[in-house]
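# Structural overview for review
Here is how the chains run, residue by residue.
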Amino acid sequence: MHRIDEAFAAVKRRHFLPKTKRALSFADAPLSIGYGQTNSQPYTVRLLLEWLDPRPGEKVQDIGSGSGWTTALLAHLVGSQGYVHAVEKVPELVQFGRENCQKAGIKNATFYQAGDELGLPDKAPFDRILVSAAADKLPGRLLEQLAAPGRLVVPVQNDVYVVDKNASGRVSKTSHGGFAFVPLR
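Being a predicted model, the structure only gives us computed values, none of them experimental.

Criteria and thresholds
- Residues numbered from 1 in each chain as written.
- Predicted model: local features only at pLDDT ≥ 70, side-chain atom pairs only at ≥ 80, totals over all residues.
- Heavy atoms only, no water.
- Buried < 20%, exposed > 50% of the residue type's maximum accessible area, 1.4 Å probe, protein only.
- Helix = DSSP H or I, 4+ residues; strand = E, 2+ residues; numbered from the N terminus.
- Arc of directions from axis to C-beta.
- Contact = heavy atoms within 4.5 Å.
- Axes fitted to C-alpha atoms, helices over the stretch in contact; angles between N-to-C directions.
- Parallel < 35°, antiparallel > 145°, perpendicular 65-115°, else oblique.
- Left-handed = near helix turned anticlockwise from the far one by under 90°.
- Nonpolar A, V, L, I, M, F, W, Y, C, P; charged D, E, K, R; others polar.
- Salt bridge = Lys/Arg side-chain N within 4 Å of Asp/Glu carboxyl O.
- Pairing = 2+ DSSP bridges.

### Details of helix H1 (residues 3-10)
An α-helical turn contains 3.6 residues, so a residue and the one three or four places further along point in the same direction. Within H1 the residues assigned to the buried category are Ile4, Ala7 and Phe8. Taken end-on, H1 shows its buried residues confined to a sector of 100°, consistent with a single buried face. Buried positions along H1 lie against helix H2 (42-52) and helix H3 (69-78).

Okay, structure coming up:
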């Protein structure tokens, strides 16, 4: 079984949804979690995780952590030797995500209230950074927080960019079109 399939089997989406949405957990659609935010479509989450390619033992930043589902999937993928730093703007969702991960037994993730600065520069560098909200342009501040080598996956308007930084700090990127995300604020 593929590592991402194992993570999806171990981390059930329904446990990361408001009670009123749990019956819809198998729908391949984004679901509202309140505050103008969504729990992303599973198909999209799978693609983001495939492109991010988190490995056991890595340090990951998860920006726009919402309900904590992607954080929990990442925590499973990096294993007990890895760690996930989850960042969310909406205070109620920081608490919701934290509680959901605690109930799921996730021990290798910490949730942070987003501040005025994008990401967590004081916790950098990160081996992988996943952003689950659309930026207007490629966020240079996140590239600064990325280890060399490292990978950033970030929606920019309606495209998802996969940005690689090699060991010498050189950056290359590819993009995949046709996506819609809530805006990165």
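### Some words on the packing of H1 against H3
Between H1 and H3, the least distance of the axes is 9 Å, while the angle of their chain directions is 125°. When the interaxial angle is binned, H1 and H3 end up oblique. In the packing of H1 onto H3, the handedness of the crossing is right-handed. Only Trp69, Leu73, His76 and Leu77 of H3 make contact with H1, whose side of the interface consists of Arg3, Ile4, Glu6, Ala7, Phe8 and Ala10. Partitioning the contact of H1 with H3 into residue classes produces seven nonpolar, one polar and two charged.

### Some details on the pattern of salt bridges
Counting across every chain of the model gives six salt bridges. Notably, a salt bridge pairs Arg46 with Asp5, separated by 2.6 Å at the nearest N-O pair. Taken together, the residues span a long stretch of sequence, with Arg46 in helix H2 and Asp5 in helix H1 at a distance of 41 residues. By relative accessible area, Arg46 is classed as partly exposed at 25%. The residue Asp164 makes a salt bridge to Arg151 at a minimum N-O spacing of 2.6 Å. Of this pair, Asp164 sits in strand S8 (residues 159-165) while Arg151 sits in strand S7 (residues 146-156); the two residues are 13 residues apart in sequence, bridging distant segments of the chain. Taking the relative accessible area as the measure of exposure, Asp164 reaches 24% and is therefore partly exposed.

### What about the sheet that holds S7?
The seven strands are arranged S5-S4-S3-S6-S7-S8-S9 in an open sheet whose pairing can be described as mixed. Across the chains shown, the open sheet's two edge strands, defined by having one partner strand only, are strand S5 (109-113) and strand S9 (171-177). Ignoring which end each strand starts from, the neighbouring axes of this sheet average 15° apart. As paired strands, strand S3 (residues 59-63) and strand S4 (residues 83-88) are joined by five bridges and run parallel to one another. Looking at S4, one finds that Lys59 is bridged to Tyr83. The strands that H3 touches are S3, S4, S5 and strand S6 (126-131); relative to S4, the one it contacts most, it runs at about 165°.

### Some remarks on the environment of Ser65
Structurally, the position occupied by Ser65 is in the loop between S3 and H3. Given a relative accessible area of 5%, Ser65 falls into the buried group. Linking Ser65 and Leu47, residues 18 residues apart in sequence, is a C-alpha distance of 16 Å.

### A closer look at the side chain of Thr44
With respect to the helices and strands, Thr44 occurs in helix H2. Every residue in contact with Thr44, bar those within four places of it in the chain, is listed here: Phe179 and Phe181.

### A word on the environment of Lys19
Among the secondary structure elements, Lys19 is positioned in the loop between H1 and strand S1 (31-34). Separated by 14 residues in sequence, Lys19 and Ile33 place their C-alpha atoms 9.8 Å apart.

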